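# Breakdown of the fold
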Amino acid sequence: MPEATTIPKWHVSGDWFDTCKCDVPCPCSFAQPPTYGQCDGVLVWHIREGHYGDVTLDGLNVLMLASFVGNVWAEHSDAYAAVFLDERADQAQREALQMIFGGEAGSWPAEMISMFGAEMRGMGFAPIEFSVDDDLGSWRAAIPDRVEASAMALTGPTTPEGARVQTYNLPGSETGPGQVATWGRSTADRADAFGFEWSREGQSSKHITFDWTGPE
C-alpha cells in the first residue's frame, strides 16, 4: 500500500447491497459459514456523496462478482472476484475508484480486501444501472446482458405495514461496523461475466449503508 502521505483525504458514503446463494438471512453477515458451505453473489456500491481529494465521486457505482468456500470471516478458500467500475467516470474518477475499492487508499475496503484475499478474475468499465427505493422497499442493479441483481424488502404476516426487517451491530457487516442492515429476498440474481455464471431468485439479499473516510 502506498504511504498515507501520498494519498489525499477522501470520503464516500452511500448504499450497498448484495444478492447471494444463501438462504434468508445470509449467515455470512453473522460471521457464520454460508448456508451451502460456499457462496457466490453480486455486490453493489452506489456513492451518494464522495470525493477523493479534489475529485468528486457523487453518483458513481461499483459492482463486484465474488465467490468463496467456507467462512469469509474465518477460514475460507477458493476466493475469486471481478469488478466493474462505472463507465461514466472520467480518468481521474476511475483512478480514485480503483484506489478506494482496490484497498490501496486505506479505511474499511483495505481491511475487507486483506481479509478476503480474493484472486481477481478481471476488471472492466460498464454502464451500471442502480436504484433503491427511498423507503427501502426494494433495490436493483444491472449491467445489460451481463448482471442483474434485485430484491424486495423482507416482510410477513406480523410485519407492520411499511416497516423493514433490520439488524443492528451485525458481527459480519460487509460495509464495516456501525451500519444498519435491511433484509430482503432476491427477485433476480444473474451473472454471466469473467467466468462467473449463475441464475436464481428467492435467496438472501440485504441493503446496508456505508460511510468510509481515508486514508486512515
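As a reminder, the structure under discussion sits directly above these lines.
Our subject in this report is the structure included herewith.

Reading the values: rules and limits
Residues numbered from 1 in each chain as written. Predicted model: local features only at pLDDT ≥ 70, side-chain atom pairs only at ≥ 80, totals over all residues. Heavy atoms only, no water. Helix = DSSP H or I, 4+ residues; strand = E, 2+ residues; numbered from the N terminus. Rg over C-alpha atoms; globule rule 2.2 N^0.38 Å. Buried < 20%, exposed > 50% of the residue type's maximum accessible area, 1.4 Å probe, protein only. Contact = heavy atoms within 4.5 Å. Pairing = 2+ DSSP bridges. Disulfide = S-S within 2.5 Å. Polar contact = N/O pair within 3.5 Å; in protein donor to acceptor, adjacent residues only side chain to side chain. Core = buried A, V, L, I, M, F, W, Y, C linked by side-chain atoms within 4.5 Å.

## Focus: the overall build of the chain
- Per the secondary structure count, the chain includes two helices and 13 strands.
- Computed over C-alpha atoms, the radius of gyration of the chain comes to 16 Å, within 12% of the 17 Å expected from 2.2 N^0.38 for 216 residues, which places it in the range of a compact globule.
- Oriented by its inertia axes, the alpha-carbon framework of the chain measures out at about 55 × 35 × 35 Å.
- A total of 216 residues make up the chain; the buried ones form 52% of that total.
- A separation of at least 24 residues holds for 68% of the contacts in the chain among residues at least 6 apart in sequence.

## Brief notes about the pairing of strand β4 (residues 61-70)
- Of all ten residues making up β4, nine are buried, and the element is well covered by its neighbours.
- Two elements, strand β2 (residues 38-52) and β4, share nine bridges in a ladder whose sense is antiparallel. In the strand pairing of β4, V44 is matched with L63.
- Bridge count for β4 against strand β5 (residues 76-86) is eight bridges, and the pairing is antiparallel. Within β5, the position partnered with S67 by the bridge is Y80.
- Hairpin connection between β4 and β5: a loop of five residues separates the two successive antiparallel strands.

## Some details on the state of the cysteines
- Counted according to the given criterion, the structure contains zero disulfides.
- The thiol of C22 is unpaired, and the distance to the nearest cysteine sulfur, on C39, comes to 3.7 Å.
- By relative accessible area, which is 0% here, C22 ends up buried.

## Comments concerning the side chain of D189
- Residue placement: D189 occurs in strand β11 (residues 180-193).
- With a relative accessible area of 0%, D189 lands in the buried category.
- Side chain to side chain, D189 and T19 meet in a polar contact 3.1 Å long.
- Within the structure, D189 has its side chain in polar contact with the side chain of R200 (distance 2.9 Å).
- The contact partners of D189, leaving out residues within four places of it in the chain, are T19, C20, V42, E148, W198, S199 and R200.

## Quick notes on the nonpolar core
- Among the nonpolar cores identified, the biggest contains 40 residues, and W45, Y52, L57 and L97 are the most heavily contacted of them.
- Elements supplying a minimum of two residues to this core: β1 (10-20), β2, β4, β5, α1 (91-101), α2 (107-116), β11 and β13 (204-214).
- Other than its neighbours up to four places away in sequence, Y52 contacts I7, P8, K9, W10, L57, A96, M99, I100 and A105.
- Listed in part, the 23 residues of the second largest apolar core include F17, V42, L65 and L136.

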